[in-house]
Amino acid sequence: MIYRPLAFLALLCLMSSSLAEESPTLPSRTGGIAKNVIFFVGDGMGVSTVTATRVFSVGVDGQLTLDEFPFTALSRTATTDHITPDSAGTMTSMMTGVNTNSGVIGFGPETERRDFNGDGDGPRLWTLLELAEQNGMKTGVVSTARVTHATPAACYAHVNHRGLENEIALQALPTDSTYNTRLGDGIDILMGGGRRYFTPGGMVDEEGETGSRPDGRDLRQEFQDAGYTYVWNEAQFHQLGWKDLPILALFERSHMEYEYDRQGDLGGEPSLKAMSVKATRFLQRASKDSGFFLMVESGRIDHAHHAGNSYRSLTDTEEFDEAIAAVAKIVDLEETLIVVTADHSHVFTIAGYPMRPKEDLPFDLAGAPKGYLDLQGNGILDIVYDLDSSTGEVYTSTDSHGIPYTALGYHNGPGFRGLATRVDPRDDIFPGMFGQDAHGPWDPDYRQEAAVPLGSETHSGEEVAIYAVGPGSSRFHGTVRNSFIFEVLKDALGF
Amino acid sequence: MRNLTIPLMLLLAPVGCHSGPGATTPDSGTGEDRLRALEARETRRPVPGPRRSVREPLPGLPALPPDLDSRPPVILELVVKTETERGIVESRREVHRDREHLEIRFPDSGQVWHFLRNPRDPRRTWARLVDPSKRMILEYQEVDLIDAGIARGWRDVFTLGVSPDSFRPLRPGGRKEERGGLTFTQWVPVDPSTTEVRELWWNEEHLLPLRIVRQTGHGTWTQEIRELRQVAGPLLLVDPVRSHADYELMDMVDWREEHHGESSSVEHPTLGAIDRRGPRGAGSHSGHHHGHGHGH
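Model, not experiment: these values are computed from the prediction.

A. Region of interest: the overall build of chain A. Broken down by element type, chain A carries 13 helices and 17 strands. For a compact globule of 495 residues, the expected C-alpha radius of gyration is about 23 Å, and chain A comes in at 23 Å, within 12% of that figure. Each principal axis of the C-alpha atoms in chain A carries an extent, and together these give about 75 × 55 × 50 Å. Classification of the 495 residues of chain A by burial places 67% in the buried group. Contacts spanning at least 24 positions in sequence make up 71% of the contacts within chain A whose residues lie at least 6 apart. Looking at chain A as shown, the accessible area adds up to about 15,100 Å², and 51% of this sits on carbon and sulfur atoms. Side-chain charges in chain A split into 38 positive and 69 negative, and the spacing between the mean points of these groups amounts to 5 Å.

Okay, here's the thing in structure tokens:
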């Protein structure tokens, strides 16, 4: 690729950061500095999630893959109608450069969710994946959520309500009348969960669960008829070769398993790391000189937080970090821009003054409770132990009634205990969980406490982090709007 | 190798304001030196440090008891009573169980839990919750049932939460009780300090618990079969998607995403699983702490 500095400068100065549907002339790829872009999204992976995962995975002083990225920025996540956003509006912003309303995919702010004022939808925005397809690049969408869910869908579809997943699936099918023709010959890799929206309602699928398409269509077959290779389990996944492109892989009826639960899946599921590496390798091989755009989402960090279940959020984030490391290892960072971010954060906190594990301390202790000596999750998945600096002894931190509390917690959600007095988390039987009792805050099924009772824990409105490496990554610094991500990626590719 | 590009804005950008670990960014030198340093940073490969996490082993799915399918269908009236310092709360529910389905109906709210056995792997299950107040059917995938602490596998559902592990901390209590033509045997804890269970009355032939009494940190929880009726023929339980075709169908995970501002009015099903994890659980922590022999 030949670089023309002056032409590149001109494009940087003159190119608009967003493109409306009726743009008469689409910019072609000229003078970009990156051949490929890989965009990782940790859904709901706010800064507190990253910090907690760091402690859990590599220790307080350890380094996640994310910590090794040379360029970072803060990303503002508000949508045009909410301070605290959802995944649809935020991913649309990141993929199109246009901030929009929560719940809307691929349209700008003139489009209300579900078109509640009946004035129709606005023009469709151009997504980065669509631009990539229009410029002959190979493309891929990988997610542990359903491939029709908000974050992946914002790469390739346009709907005024994120719940229209039956329609979203059709927009990716090259032979359908509603096919999104901006996708050219089609997305090359569509991989994740969501088989229910590709299977007729009532039909028992490969894993013994039923589809939910109301139109009776079997899109698994229709995608194959359109030339796709379809797989649904881990064994088939490992048999795939790059010549099997385009690929439709649907490993679960709905979302894929959490990483912690993955080993128990009926058909077997590949890990996010395995999917990311395979997708990268295949797109590298298939794209030759044209380059590729790949979006990888760890979609269930968010779900675990909504359930108030920190353990699964941390283990999914750890797997996400592993996937990033594995991909960074196999690409040429002189021609591949890798950007990692989150769409929004969660009301997830690290509270009190929890001590580090004893082996990390730079001094000897005069004494400590037995529980501290067997600290769980390197201290993050346990109750809070603190240091009495007058005696050099570690003690159990307690609330104003003398009851211990956990390092991790939520502002709201299903973890509200609803009791006149709290119960020691180590003895806690969470009300409503009549089935399985989680024993201790280190238990994978434990629901960390919440201050405000809600059926589902919520997103939060503060900034999230952007991590970047590769050509153009140095443009990330300071505090930016999440729509800026689109600008950087587009400019790097030379659109 | 990429040709060096010296965009004007990079020439003017402050260098070194985001130095990562180990970065060397010259403060002096020519603009080209600074840009080369910047580009070197741009392409520095991120490598994580050694992992220190220890994952809990994933419990396997409970195996099915032999001849599970030979158990005849039953209809039960269950009562769940919780006694805490805030008082006593009692709720009734009707349970319909056959070899492929288990349905729990809550007469007060009208909610219905419908558990389906997986035809491809009979050890597995998933569920649909019908909520008339919202005109909605919530779908719980297998992992949602596990994550919500409702059930791990079809066996949990079929036995209303009692597994072979449940009996590990218990011993026969010597008493028997009849209900609906079935005989239930009493089980009591060997050492009450190691389990929340105070009583379990069990029929092994039909895999049914007459009564479960648990003493928790919050109070006492009791589940009891008040009425029991064996059914000769099939129960003809209808998939809620068909019986409530006009209801909105939604994954539980998506409900959490979409209805974040709402409190949950979900009635939790009665599957009184008992200390599935064995002696690691239970017991007061006032002064003692149990060990954790976990690891990969």
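B. Representation of the overall build of chain B. On a plain count of helices and strands, chain B comes out with six helices and twelve strands. Burial analysis of chain B (296 residues in total) assigns 52% to the buried set. Long-range contacts, defined here as pairs at least 24 residues apart, represent 56% of the contacts in chain B between residues at least 6 apart. For chain B, the accessible surface area stands at approximately 13,200 Å², while carbon and sulfur atoms represent 52% of it.

C. Representation of the packing of aromatic side chains. Counted according to the given criterion, the structure contains 15 aromatic pairs over all chains. With a centroid separation of 5.4 Å and 80 degrees between ring planes, the pair formed by tyrosine 260 of chain A and tyrosine 311 of chain A is classed as edge-to-face. A residue pair is termed long-range when its members are at least 10 positions apart, and tyrosine 260 of chain A in the loop between strand 6 (247-250) and helix 9 (272-287) and tyrosine 311 of chain A in helix 11 (residues 310-330) qualify at 51 residues. Of the residues examined, tyrosine 260 of chain A reaches a relative accessible area of 4% and is grouped as buried. A network of ring pairs unites the aromatic residues Phe56, Tyr260 and Tyr311 of chain A as a single cluster. Positioned above the aromatic ring of tyrosine 258 of chain A, the side-chain terminus of arginine 300 of chain A is 4.0 Å from the ring centre. The side chain of arginine 97 of chain B reaches across the aromatic face of phenylalanine 158 of chain B, ending 3.8 Å from its centre.

D. View of unusual backbone geometry. For the bond running from leucine 245 of chain A to proline 246 of chain A, omega is 0 degrees, close enough to zero to count as cis. Along the chain, proline 246 of chain A turns up in the loop between helix 8 (234-239) and strand 6. If you check the backbone angles, asparagine 378 of chain A has positive phi at about 60 degrees while not being a glycine. Within the secondary structure, asparagine 378 of chain A is located in the loop between helix 12 (370-373) and strand 11 (385-388). According to the relative accessible area criterion, asparagine 378 of chain A is buried, its value standing at 13%. Within the chain, arginine 135 of chain B stands out as a residue other than glycine whose phi angle is a positive 50 degrees. In this fold, arginine 135 of chain B is placed in the loop between strand 5 (125-131) and strand 6 (136-140). Take arginine 135 of chain B: its relative accessible area is 42%, and that puts it in the partly exposed class.

E. Up close: the sheet that holds strand 13 (residues 408-413) of chain A. All names here are of chain A. Taken in spatial order, the three strands of this open sheet run 10-13-14, and their pairing is mixed. Of all strands in the sheet, those with a lone pairing partner are strand 10 (348-350) and strand 14 (450-453), marking the two edges. Each adjacent strand pair in this sheet contributes to an overall mean axis angle of 20 degrees, direction not counted. In terms of strand pairing, strand 13 meets strand 14 through three bridges, oriented parallel. In the sheet register, tyrosine 410 faces strand 14, and the bridge partner there is alanine 450.

F. Main features of the pairing of strand 1 (residues 74-84) of chain B. Residues and elements named next belong to chain B. Where strand 1 lies against strand 11 (residues 219-230), eleven bridges are found, and the strand directions are antiparallel. Bridged to threonine 84 within strand 11 is glycine 219. Connecting the antiparallel pair strand 1 and strand 2 (residues 87-97) is a turn made up of two residues.

G. Structural detail: the nonpolar core. All names here are of chain A. Ranked by size, the top nonpolar core spans 60 residues in total, and within it Phe39 and Tyr156 carry the most contacts. Of the residues forming this core, the biggest block, seven residues, is contributed by helix 13 (residues 483-493). When sequence neighbours within four positions are dropped, the list of residues in contact with tyrosine 156 reads Leu129, Glu130, Val141, Val147, Thr148, Ile168, Gln171, Ala172, Asn180, Leu183, Ile187 and Leu190.

H. The arrangement of the sheet that holds strand 7 (residues 170-179) of chain B in detail. Residue and element names in this part refer to chain B. Sheet architecture is open: twelve strands sit in the order 7-8-9-10-11-1-2-3-4-5-6-12, paired in mixed fashion. Each having just a single partner strand, strand 7 and strand 12 (248-251) make up the two edges of the open sheet. Looking at each pair of strands side by side, their axes are set apart by 20 degrees on average, direction ignored. Two strands pair when backbone bridges link them, and strand 5 and strand 6 are joined in this way by five bridges, in the antiparallel orientation. Counted as the bridge partner of alanine 127 is tyrosine 140 from strand 6.

I. Here's a closer look at the packing of helix 3 (residues 87-96) of chain A against helix 13 of chain A. Residue and element names in this part refer to chain A. Here helix 3 crosses helix 13 at 30 degrees, and the two axes come no closer than 5 Å. As the angle between them shows, helix 3 and helix 13 are arranged roughly parallel. As for the relative orientation of helix 3 and helix 13, their crossing is right-handed in sense. Seen from helix 3, the contacting residues are Ser93, Met94, Met95 and Thr96; seen from helix 13, they are Ser483, Ile485, Phe486 and Leu489. A class-by-class count of the residues in the contact of helix 3 with helix 13 yields five nonpolar, three polar and no charged.

J. Molecular detail of the confidence of the model for chain B. All names here are of chain B. With 77% of its residues at a pLDDT of 70 or more, chain B shows a mean pLDDT of 78. Mean pLDDT values for the elements of chain B range from 42 in helix 1 (residues 8-12) up to 96 in strand 8 (residues 182-189). Between residues 1-24, whose pLDDT stays under 50, and residues either more than four places distant or in other chains, the model counts 47 contacts. For residues 273-296, every residue scores under 50 in pLDDT, and the model assigns this stretch 71 contacts once sequence neighbours within four places are set aside. If you check the scores for this complex, the pTM reads 0.88 and the ipTM reads 0.81.

K. Highlighting helix 3 of chain A. Residues and elements named next belong to chain A. Within helix 3, ten of the ten residues are buried, which leaves it mostly tucked inside the rest of the structure. Burial in helix 3 covers these residues: Ser87, Ala88, Gly89, Thr90, Met91, Thr92, Ser93, Met94, Met95 and Thr96. Where helix 3 begins, one side-chain oxygen reaches toward the backbone nitrogen of alanine 88, 3.3 Å away; that side chain belongs to aspartate 86. Among the residues trailing helix 3, glycine 97 stands out with phi positive, at a value near 80 degrees.

Reading the values: the criteria
Residues numbered from 1 in each chain as written. Chains lettered and ligands numbered in written order. Predicted model: local features only at pLDDT ≥ 70, side-chain atom pairs only at ≥ 80, totals over all residues. Heavy atoms only, no water. Helix = DSSP H or I, 4+ residues; strand = E, 2+ residues; numbered from the N terminus. Rg over C-alpha atoms; globule rule 2.2 N^0.38 Å. Buried < 20%, exposed > 50% of the residue type's maximum accessible area, 1.4 Å probe, protein only. Contact = heavy atoms within 4.5 Å. Areas by Shrake-Rupley, 256 points an atom, 1.4 Å probe, with all protein chains shown as cover. Lys, Arg positive; Asp, Glu negative; His and termini not counted. Charge placed at Lys NZ, Arg CZ, Asp CG, Glu CD. Phe/Tyr/Trp six-rings, centres within 6.5 Å; stacked < 30°, edge-to-face > 60°. Lys NZ or Arg CZ within 6 Å of the ring centre and 35° of its normal. Pairing = 2+ DSSP bridges. Axes fitted to C-alpha atoms, helices over the stretch in contact; angles between N-to-C directions. Core = buried A, V, L, I, M, F, W, Y, C linked by side-chain atoms within 4.5 Å. Parallel < 35°, antiparallel > 145°, perpendicular 65-115°, else oblique. Left-handed = near helix turned anticlockwise from the far one by under 90°. Nonpolar A, V, L, I, M, F, W, Y, C, P; charged D, E, K, R; others polar. pLDDT = per-residue confidence, 0-100. Polar contact = N/O pair within 3.5 Å; in protein donor to acceptor, adjacent residues only side chain to side chain.

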